[in-house]
Amino acid sequence: MITETVNELIEKKALIMKEYPIIIDNNETVTYCDLWCMINRVSNSLLDSSIREGDRVLLIGYNSAKWIYVFFAIMNINAIPIPVNAESGTEELINILIDTEPSAIFFNSRYKNNDLLSVVTSAIMNLSNKNIYCVLLEDYDIDNRFINWTQFLVSSNINKQREAKNGLYCVQYTSGSTGMPKGVMLSQYAVLNNGFHTGEALHLDTSDKMCVAVPLFHCFGNVLALLSCLTHDTQIVLVDYYSPRKTYNTIAERQCTVFFGVPTMYILMMGLQEFDKEKITSLKKGVVAGAAVPEQLMKRIANMFSIPYLISGYGMTETSPGCTISDIYLSEKIRFSSVGTKFPGVDIKIIDLHSGIEVNDNQIGEMIVKGYNLMDGYYDSSETIIDDNGWLHTGDLAVVSNGYYRIVGRKKDVIIKGGENIAPLEIENILCTHELIKDAVVVGIEDEIYGEEVVAALIVEEIISDEEIITLLQGKLAKFKIPKYFVRFKEFPCSATGKVLRNVVKELCKKSL
């Protein structure tokens, strides 16, 4: 296991491989030496700006080399980085500001269509303490409440003494899809080893180039992508924010060999009119994560992209984030039908939902996790999902067979129809075997007789009748599991990280019915 800090790792790389190009950001190439020099320069400027050990610093913006410099520099002076979802609105940001009481905010002026300058300005104006040091991660002049990037870097270049501590990597706010976002405290030890083992599963090396379009403000980006590359000297090719066309073109033009994404990111690229897998033949390795992925969808992605080594994994923010992952050299059957085996140093049990007793292989239960990867807790909160014996309760339903895990749904997503438990993913897997169904989300809506009724929300390529879908399901599912209603969508509502928002899909289905 790696015991050094993230910045100790980067410093070592800068000494051994100083001219190695580790980051590509549009037309800018950043070597290990450049990276370490900029981390130190930003660290000095932070100290000159009276940011001290233990201070919280918010980072709100798109993927860029500057984002990475600031993120690691905050850690370097033993302050606490807080990456914030750049699609946040004013109210969401106010809640985080009240929760963390930051000393500084670094931000871009825009993220996609989100006017971050207005969001940050409005949020600060609603605080009783408006004395927050604000830096725009861009070079143009704005009003005197904020300074720009160049003005920030004018500070002293003299190295200031500081002691590296293996403390917090960041406070990572959850998406808030199940309630108010919580600040998850992640340690450097946990994330660095999580990133390393992800790179090991992918067999990353200096011949690889990873297209990073997943947002760095999410741990899929700042841990699994960023740290798997830094621990394996794999070049990081940044896309400022995900758009299907921009990401597809980056993979083609930069000849990227690795891509990380949630299922939606792959599906949207496949839907591009100009999509041609012959232009992205460099792509050899891929990770599909962030949501349960039906086996048929894994096959479809692998075939459409011609990716020979496509894998999936399982995790959550509170587990830094990885718990399980497949190795790229496992059989296709295992890679497509499971989320792999547990990470080294991680223990997993599948327990009965009622008794809490560990179940046998091939029985459904809740996955609980124990190991180095568990969070240090929620920021400024006594709330926890870790029991007295050190087991973190994920809330996810899973099955294990011969050491390979398969996610079958969320406890809270289970549909209870007439007293029978129904796992949506089981139905979604079968629906996605139909060539005209691009994606499926199964939800339960209230029913006077059965308590809940099954509804399938579908994205289809061509017109397909409800009767044809029911015929597909008959004989493969118990009769009570077959959806009563089918609702067509052009696209599913998603979070900033690409996860389908099931609760929103459910409400839209209820309205349409």
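All of these numbers come straight from a predicted model, not from anything done at the bench.

Enquirer: How do you make sense of the pattern of salt bridges when you look at a structure like this?
Expert: Side-chain pairs of opposite charge can arise where the charged atoms are in close proximity. Taken as a whole and judged by the stated rule, the model has 19 salt bridges. Note that Lys481 and Glu426 form a salt bridge whose closest N and O atoms lie 2.9 Å from each other. Residue Lys481 is located in the loop between α14 (466-473) and β26 (485-488), and its partner Glu426 is located in helix α13 (residues 424-431); the two are separated by 55 residues in the primary sequence. When salt bridges with common partners are traced through the structure, they connect Glu295, Lys299 and Lys333 into a single cluster.

Enquirer: Hey, could you run me through the packing of helix α4 (residues 90-100) against helix α5 (residues 116-125) in this one?
Expert: Two numbers describe a pair of packed helices, the interaxial angle and the distance between the axes. Two numbers describe how α4 lies on α5: the axes approach to 9 Å, and their chain directions differ by 50 degrees. Accordingly, the angle class assigned to the pair α4 and α5 is oblique. The chirality of how α4 crosses α5 is right-handed. In contact with Thr90, Leu93, Ile94 and Leu97 of α4, α5 contributes Val119, Val120, Ser122, Ala123 and Ile124.

Enquirer: Just to check I follow, could you spell out the pairing of strand β11 (residues 209-212) for this structure?
Expert: Side-chain positions along a regular strand alternate between the two faces of the sheet. With four bridges connecting them, β11 and strand β12 (residues 235-238) associate as parallel partners. Counterpart to Met210 in the pairing with β12 is Ile236. Where the polypeptide runs from β11 across helix α8 (residues 219-230) and back to β12, its parallel neighbour, the crossover connection is right-handed. Alignment of β11 against strand β13 (residues 258-261), held across two bridges, turns out to be parallel. When the bridges of β13 are listed, Cys211 appears paired with Phe259.

Enquirer: Help me out: how do you make sense of the packing of aromatic side chains in this one?
Expert: Two descriptors summarise a pair of aromatic rings, namely the distance from one centre to the other and the angle between the planes of the rings. Taken as a whole, this structure holds 17 aromatic pairs when the rule is applied. A centroid spacing of 5.7 Å and a plane angle of 50 degrees characterise the contact between Phe71 and Phe72, whose relative ring orientation is tilted. Each member of the pair, Phe71 as well as Phe72, carries the same accessibility label: buried. Ring geometry for Tyr248 and Phe275: centres 5.6 Å apart, planes at 40 degrees, overall tilted. One end of the pair, Tyr248, is in helix α9 (residues 244-254); the other, Phe275, is in the loop between α10 (263-270) and β14 (285-288), and 27 residues separate them in sequence. Three or more aromatic residues joined by ring pairs make a cluster, and in this case those are Tyr248, Phe259, Tyr266, Phe275 and Phe305. Taking NZ or CZ as reference, Lys182 lies 5.7 Å from the ring centre of Tyr378, over its face. Over the face of the ring belonging to Tyr450 we find Lys417, whose NZ or CZ atom lies 5.3 Å from the ring centre.

Enquirer: Honestly, unusual backbone geometry in this entry has me stumped. Any pointers?
Expert: Generally, phi is negative for residues other than glycine and the peptide bonds are trans, each holding for most cases. Ser320 connects to Pro321 through a cis peptide bond whose omega is -15 degrees. With respect to the element layout, Pro321 can be found in the loop between β15 (309-315) and β16 (322-325). Not every positive phi belongs to a glycine, and Glu101 is a case in point at roughly 45 degrees. Examined against the element boundaries, Glu101 turns out to sit in the loop between α4 and β5 (104-107). With relative accessibility at 58%, the residue Glu101 sits in the exposed group. You will see that Ser320, though not glycine, has its phi angle at about 70 degrees, which is positive. Inspection of the secondary structure puts Ser320 in the loop between β15 and β16. For Ser320, a relative accessible area of 0% translates into the label buried.

Enquirer: Just checking my understanding: could you explain the packing of helix α1 (residues 6-16) against helix α3 (residues 65-76) for this structure?
Expert: The interhelical angle for the contact between α1 and α3, taken along N-to-C directions, is 115 degrees, at an axis separation of 9 Å. Accordingly, the angle class assigned to the pair α1 and α3 is roughly perpendicular. Between α1, through Val6, Asn7 and Ile10, and α3, the contact on the second element is made entirely by Phe72, Met75 and Asn76. Residues that form the contact of α1 with α3 fall into these classes: four nonpolar, two polar and no charged.

Enquirer: Looking at this model, I keep getting lost on the sheet that holds strand β18 (residues 346-351). Mind explaining?
Expert: Working definition: the strands of a sheet are paired by backbone hydrogen bonds and lie parallel or antiparallel to each other. Strand order in the open sheet made by the four strands is β18-β19-β20-β21, with antiparallel pairing throughout. Both outer strands of the open sheet, β18 and β21 (404-410), are each paired with one neighbouring strand and no more. Across this sheet, the average inter-strand angle for adjacent strands is 50 degrees, counted without regard to direction. The pairing of strand β20 (residues 392-401) with β21 spans six bridges and is antiparallel. Opposite Val399, over in β21, you have Arg406 as the bridge partner.

Enquirer: What should I look at first to understand the sheet that holds strand β24 (residues 437-447) in this one?
Expert: Read from one edge to the other, the open sheet built from three strands follows the order β24-β25-β26, with strand pairing classed as mixed. Because the sheet does not close on itself, it has two edges, and the strands there are β24 and β26. When strand polarity is set aside, the average angle formed by the axes of neighbouring strands in this sheet is 30 degrees.

Enquirer: How do you make sense of α8 when you look at a structure like this?
Expert: Burial within α8 is extensive, with 12 of its 12 residues counted as buried. Within α8, burial applies to Cys219, Phe220, Gly221, Asn222, Val223, Leu224, Ala225, Leu226, Leu227, Ser228, Cys229 and Leu230.

Parameters and conventions
- Residues numbered from 1 in each chain as written.
- Predicted model: local features only at pLDDT ≥ 70, side-chain atom pairs only at ≥ 80, totals over all residues.
- Heavy atoms only, no water.
- Salt bridge = Lys/Arg side-chain N within 4 Å of Asp/Glu carboxyl O.
- Helix = DSSP H or I, 4+ residues; strand = E, 2+ residues; numbered from the N terminus.
- Axes fitted to C-alpha atoms, helices over the stretch in contact; angles between N-to-C directions.
- Parallel < 35°, antiparallel > 145°, perpendicular 65-115°, else oblique.
- Left-handed = near helix turned anticlockwise from the far one by under 90°.
- Contact = heavy atoms within 4.5 Å.
- Pairing = 2+ DSSP bridges.
- Right-handed = clockwise from strand over helix to strand, strands pointing away.
- Phe/Tyr/Trp six-rings, centres within 6.5 Å; stacked < 30°, edge-to-face > 60°.
- Buried < 20%, exposed > 50% of the residue type's maximum accessible area, 1.4 Å probe, protein only.
- Lys NZ or Arg CZ within 6 Å of the ring centre and 35° of its normal.
- Nonpolar A, V, L, I, M, F, W, Y, C, P; charged D, E, K, R; others polar.

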